[in-house]
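Given next are the chains, with one letter for each unit.
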Amino acid sequence: MKKFLSMSLVVVLVLALGAVAFAVEGTLAEEGTLSDEIEVHAKIGPYAQVMGRRAVNFGTLLGKVGVYTANGFDNGDDPDDEFYGRVKGDFGDALFAGNNDSGWGSFAVESNTDVMVRVKFTPNNWGTFPTKFAVAMKGQPTDAIAWFDTVEGEFEHKYASHALTDNKDDFVKTAVLYGIDGAIWLQYISQQEAGSYDGKITITVSKD
Amino acid sequence: MKRLTLLTLILVLVFAMNAFAAVEQGNPMDIDLTADVEVELGIGPYASVMAQRLEYDHAERVWGWINFLGWKLPAKRLEHYWDDKVEPRMDFGEFSGQAEQSKFTDSNGFVVETNTALTLTFSGVPLTHTLHEDSKILTTYWAFTTAGQEPVWPVENWKLFPEQITPKDKIGFFGEGSVPRYTDGRFSHTGVLDGILHVLGVIKAKDLWPKEGEVVQNLPYTGITTNGIYAFQVFGFASTDAISSQREGDYVGKIILTVSK
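Residues numbered from 1 in each chain as written. Chains lettered and ligands numbered in written order. Predicted model: local features only at pLDDT ≥ 70, side-chain atom pairs only at ≥ 80, totals over all residues. Heavy atoms only, no water.

S.K.: What should I look at first to understand the overall build of chain A in this one?
M.R.: If you tally the helices and strands in chain A, you get three helices and 12 strands. Nonlocal contacts in chain A, meaning residues at least 24 apart in sequence, comprise 78% of its contacts between residues at least 6 apart. Put simply, chain A shows about 11,700 Å² of open surface, and 53% of that area lies on carbon and sulfur atoms. (Helix = DSSP H or I, 4+ residues; strand = E, 2+ residues; numbered from the N terminus. Contact = heavy atoms within 4.5 Å. Areas by Shrake-Rupley, 256 points an atom, 1.4 Å probe, with all protein chains shown as cover.)

This is the structure we're talking about:
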């Protein structure tokens, strides 16, 4: 028992000494050097921001039956080559009615880690016409990464490293830009009274 | 045979007399004899360097004796206790990840014991992500001489700060990379008692902040000119840049003190 206690005390003493700083010492003859170090620590938590928001604008619709789109990231020669061609299947292949070439919306995400981005449309003062949106990364307009309407869509925003920047307000340099294309389907002329309508797209960013 | 013996005795006498000639001659019973034997010794340049951290433990009022108009009276006095069994470390704590969030802290520092004049060189490695070396937090360090080193431990009750963490003279800023950003409203200090800020003679943190051009990679100090024990304190500045300039995660850096003859 005594031997065990002695051994325990020795072990405790060794561990305690291990936590105490010891000096580094030695000769400096013949251009010798000595050095010691202090470790420096920090931690960064997950952080993100959404900026550079631009509204989706369908413009003023003619009112005739068909699918109207608001896009601009992709400018093809034929409506089928543009957003209409990718969304018409959701609208029973209804005919193309019109497009606002500069009607695309956008938002930018900057983060220091991979995050999930969720998008959802809320029809505040909207019509009864079917509506659909798609998100695509800048430079890849035909590759939709999320589809949504009143049912939420989501995609993963991967951390994109940006070098130290002198212009912290230039989000183009520090964030990733995502475009939003939109489409609505006027199914019959009297479906919606002439006038102005608006809705809201909510963007939610989370760690998972 | 007799001649041989006599010759041998004469030879022995001659040799003996020659041996005595090597010392001061004279009758040691009548005069003082002194002789010098040289003794030679050299001590090579030698030093020790120790990283040290002191953390404030607590203060309490204890009974003791005070002098009052020549009378010794019992009274309670305040005693401060510092813990010197702490692992040397500079810890900035946690950043939220917000752009241009800045922090200022201290490490306490180094104690150098030497038997000769020394040249010291301070250098530092910026906070670097433990998994992604391209992700760094802007970091700059600031070296000071201190008031000295406490000869008595624990610190005597009338001293609020041990000498080795009382900054005295600025040595300079050192580090690698860009200088940390400072933005009003996004600054905090950790691990540094407010009293030290007053000792440094500043009111606002921005007065402390290093500027581009003031920071060197290797900071020399040649103020040690003789043997003794010297203490140095190192403070640290760190900030994020843009949100995506540095990843979420753990970061480690280093402060290095090198001594040479």
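On we go.
S.K.: Honestly, the overall build of chain B in this entry has me stumped. Any pointers?
M.R.: The helix and strand tally for chain B stands at three helices and 12 strands. Here chain B holds 261 residues, and 42% of them are scored as buried. Considering only contacts in chain B between residues 6 or more positions apart, those separated by 24 or more positions represent 79%. Accessible area of chain B: about 14,900 Å², with a carbon and sulfur share of 56%. (Buried < 20%, exposed > 50% of the residue type's maximum accessible area, 1.4 Å probe, protein only.)

S.K.: Whenever I open this one, the interface of chain B and chain A confuses me. Can you help?
M.R.: It is common to give the size of an interface as the accessible area that goes away when the parts come together. Chain B puts 54 residues into the contact, and the matching count from chain A is 44 residues. Regarding the contact of chain B and chain A, the summed buried area is about 4,300 Å², with carbon and sulfur atoms giving 57% of it. Broken down residue by residue, the surface that chain B buries against chain A is led by Ile243(B), Ser244(B) and Glu248(B), which jointly contribute 17%. Viewed at the interface, chain A and chain B are joined by three salt bridges. The residue Lys207(A) makes a salt bridge to Glu248(B) at a minimum N-O spacing of 3.5 Å. Considering each element in turn, the side of chain B that touches chain A owes the most residues, 12 residues, to strand β12 (residues 249–260) of chain B. When the residues that make up the side of chain B that touches chain A are grouped by side-chain class, the tally is 25 nonpolar, 16 polar and 13 charged. (Buried area = accessible area lost by both parts, 1.4 Å probe. Salt bridge = Lys/Arg side-chain N within 4 Å of Asp/Glu carboxyl O. Nonpolar A, V, L, I, M, F, W, Y, C, P; charged D, E, K, R; others polar.)

S.K.: What should I look at first to understand the nonpolar core in this one?
M.R.: What tends to happen in soluble globular proteins is that the nonpolar side chains get buried as a cluster. Grouped together as the largest cluster of nonpolar side chains are 33 residues, with contacts concentrated most on Phe110(B), Leu120(B), Phe122(B), Ile255(B) and Val259(B). Looking at this core element by element, the count peaks at five residues for strand β2 (residues 33–44) of chain A. Listed in part, the 22 residues of the second largest apolar core include Tyr68(A), Ala97(A), Val119(A) and Phe129(A). (Core = buried A, V, L, I, M, F, W, Y, C linked by side-chain atoms within 4.5 Å.)

S.K.: Is there a simple way to think about the sheet that holds strand β7 (residues 115–125) of chain A in this case?
M.R.: Paired through their backbone hydrogen bonds, the strands of a sheet run either parallel or antiparallel. All names here are of chain A. As summarised here, the arrangement of the three strands in space is β10-β7-β12, forming an open sheet in which the pairing is antiparallel. One side of each edge strand has no neighbouring strand; the edge strands of this open sheet are β10 (153–157) and β12 (198–206). Each neighbouring strand pair of the sheet contributes to a mean axis angle of 25°, computed without reference to strand direction. Summarising the sheet, β7 and β12 pair through eight bridges and their orientation is antiparallel. Note on β12: the bridge partner recorded for Thr122 is Lys200. (Pairing = 2+ DSSP bridges. Axes fitted to C-alpha atoms, helices over the stretch in contact; angles between N-to-C directions.)

S.K.: Sorry, what's going on with the environment of Val125(B) here?
M.R.: Residues and elements named next belong to chain B. Along the chain, Val125 falls in strand β5 (residues 118–129). Each C-alpha atom of the pair Val125 and Gly177 lies 9.3 Å from the other, and the pair is 52 residues apart in sequence. Among residues more than four places away in sequence, those in contact with Val125 are Tyr141, Gly253 and Lys254.

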